[in-house]
Amino acid sequence: MAEWTGVISATAPKYIKGATDQTIRKRLVLALLREYGMIKMNESSYQYTWQMEYSQPAVRQYGDAGDQTFSAHDALKQATLDWRGYTVTDRMTKKQELMNKGIHALVNLYDSKIKRMTKSITDKFGGEIYIDGNASGNENRLHGLESFLADDGNTAAGDRLAKPSDTYAGLSTVPGTYGGNWTSALGTGNYPNATLATDWPFGTGDTEYDFNSPKLVNWSSTAWNAGGTTFEETCERALRQTTIWLTTSGGTEGRPTCYILSSDLFGDFQNFQAARNRIMVPHKEAQDLGFADALNFDGTIIKYEYDCPPGTGYGLNLHEMELSSLDSTLFRPDGPEWDIESKSWLFEVGFFGNMKFGPKHFAKLDNYA
């Protein structure tokens, strides 16, 4: 018995590593995170904590020989999340063991179990990137994208943006919560969001105003002046403006790496391009990672993924998101362990870790009104 348990205990980590690599290769966001070194292993501490720069020291005009004022400037806010986890379990009873005598049969039986367990957790894991880890019932799931993308529910048909209204890692996403001002030159009726009543994210303002605020883009807005409000009609203007907003508010580092769309929106995007007899150009970087169906839109990757909710798209900056594991690998196999009470060999595959984001550098595209 010790012989076959030793064999499968040694085989499990190798198999799961291969399965994990395959899972990453099949999902563009995970592949890009690994490409950019944003999958971190061997994290520690009882909480997931990091510092966010929310404010800059004031710059004042100065003339010759004037007296200067010196004061300490607090530039940082602390963001904190807890660690989350997933587990898949299975067992092989003593009776099953006895019915499968012989080392080869036993290892094969184990292989079928560990393959199913690993396939289950890897298939599930890719979709967790989009989860709201703050929602009821999700207390132990990842803090995915939807953890900071809630709106206030007051978006009007003429608003190009919904107003962010969420709490992420202990910090509000509502613009202006932590002070700062923003220009309001566009005037009533022209603001991107009537409730905010500022030019944001057009215009200029203080870093405190929007350091933690994502762009919630209303792709169905009448203000796109696209001849209609379907995504096929508005996609080019909405996506292009989103790229501009993310880049101007976050600097050149704020430019989105990719847009992930639901399959229905991606089809609308393709129909828009085809109707204008445009050649759909693959994106070289995504193509090199094995995603031949990813397209190039103004230099940014645009792709669909199975897990993206219908009618929804996300603008992602892969340099501003991180997937962290408390272990030396994403998924850790444990077992087989003998349980005398149930007369079974117990098997488990699990993950402990979480994700973090810089909300300012992300966008969601949705039919808000």
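To be clear, the structure that these remarks concern was listed above.
Residues numbered from 1 in each chain as written. Predicted model: local features only at pLDDT ≥ 70, side-chain atom pairs only at ≥ 80, totals over all residues. Heavy atoms only, no water.

## Quick look at helix α7 (residues 263–275)
Helix length check: α7, at 13 residues, gives a terminal C-alpha distance of 18 Å against a target of 18 Å (1.5 Å per residue), a fit within 8%. Taken as a whole, α7 has its buried residues at Leu-265, Phe-266, Phe-269, Phe-272 and Gln-273. Angularly, the buried residues of α7 cover 115° about the axis, an arc narrow enough to put them on a single face. In α7, the exposed positions that point more than 90 degrees away from the buried face belong to Ser-263 and Ala-275. (Helix = DSSP H or I, 4+ residues; strand = E, 2+ residues; numbered from the N terminus. Expected span 1.5 Å × (residues − 1). Buried < 20%, exposed > 50% of the residue type's maximum accessible area, 1.4 Å probe, protein only. Arc of directions from axis to C-beta.)

## What about the sheet that holds strand β10 (residues 295–297)?
One open sheet accounts for 7 strands, arranged β5-β8-β16-β12-β9-β11-β10; its pairing is mixed. The open sheet is flanked by β5 (161–162) and β10, the only strands paired with a single partner. With 3 bridges connecting them, β10 and strand β11 (residues 300–304) associate as antiparallel partners. Paired with Phe-297 across the strands is Thr-300, a residue of β11. (Pairing = 2+ DSSP bridges.)

## Thoughts on the side chain of Asn-218
In this structure, Asn-218 sits in strand β8 (residues 215–218). One polar contact links the side chain of Asn-218 to the main-chain amide nitrogen of Tyr-368, over a distance of 3.0 Å. Only 3.4 Å separates the side chain of Asn-218 from the backbone nitrogen of Ala-369, close enough to count as a polar contact. Beyond its immediate sequence surroundings of up to four residues, Asn-218 is in contact with Thr-155, Ala-156, Ala-157, Asp-159, Arg-160, Leu-161, Trp-224, Asp-366, Asn-367, Tyr-368 and Ala-369. (Polar contact = N/O pair within 3.5 Å; in protein donor to acceptor, adjacent residues only side chain to side chain. Contact = heavy atoms within 4.5 Å.)

## Digging into the packing of helix α6 (residues 231–250) against α7
Contact pair α6 / α7: the axes reach a minimum separation of 8 Å and the direction vectors enclose 85°. Of the possible angle classes, the one that applies to α6 and α7 is roughly perpendicular. Here α6 contributes Phe-231, Glu-232, Glu-233, Cys-235, Glu-236 and Leu-239 to the contact with α7, which in turn contributes Leu-265, Asp-268, Phe-269, Asn-271 and Phe-272. Of the residues belonging to the contact of α6 with α7, the class tally is 6 nonpolar, 1 polar and 4 charged. (Axes fitted to C-alpha atoms, helices over the stretch in contact; angles between N-to-C directions. Parallel < 35°, antiparallel > 145°, perpendicular 65-115°, else oblique. Nonpolar A, V, L, I, M, F, W, Y, C, P; charged D, E, K, R; others polar.)

## Digging into unusual backbone geometry
Cis rather than trans, the peptide bond between Trp-200 and Pro-201 has omega equal to 5°. Of note, Pro-201 is situated in the loop between β7 (171–172) and α5 (207–210). The backbone of Ala-169 shows a phi angle near 55°, a positive value even though the residue is not glycine. Tracing the chain through its elements places Ala-169 in the loop between β6 (167–168) and β7. Under the relative-accessibility criterion, Ala-169 is labelled buried at 6%. The backbone of Lys-343 sits at a positive phi, close to 50°, despite the residue not being glycine. One can find Lys-343 in the loop between β14 (332–339) and β15 (344–357).

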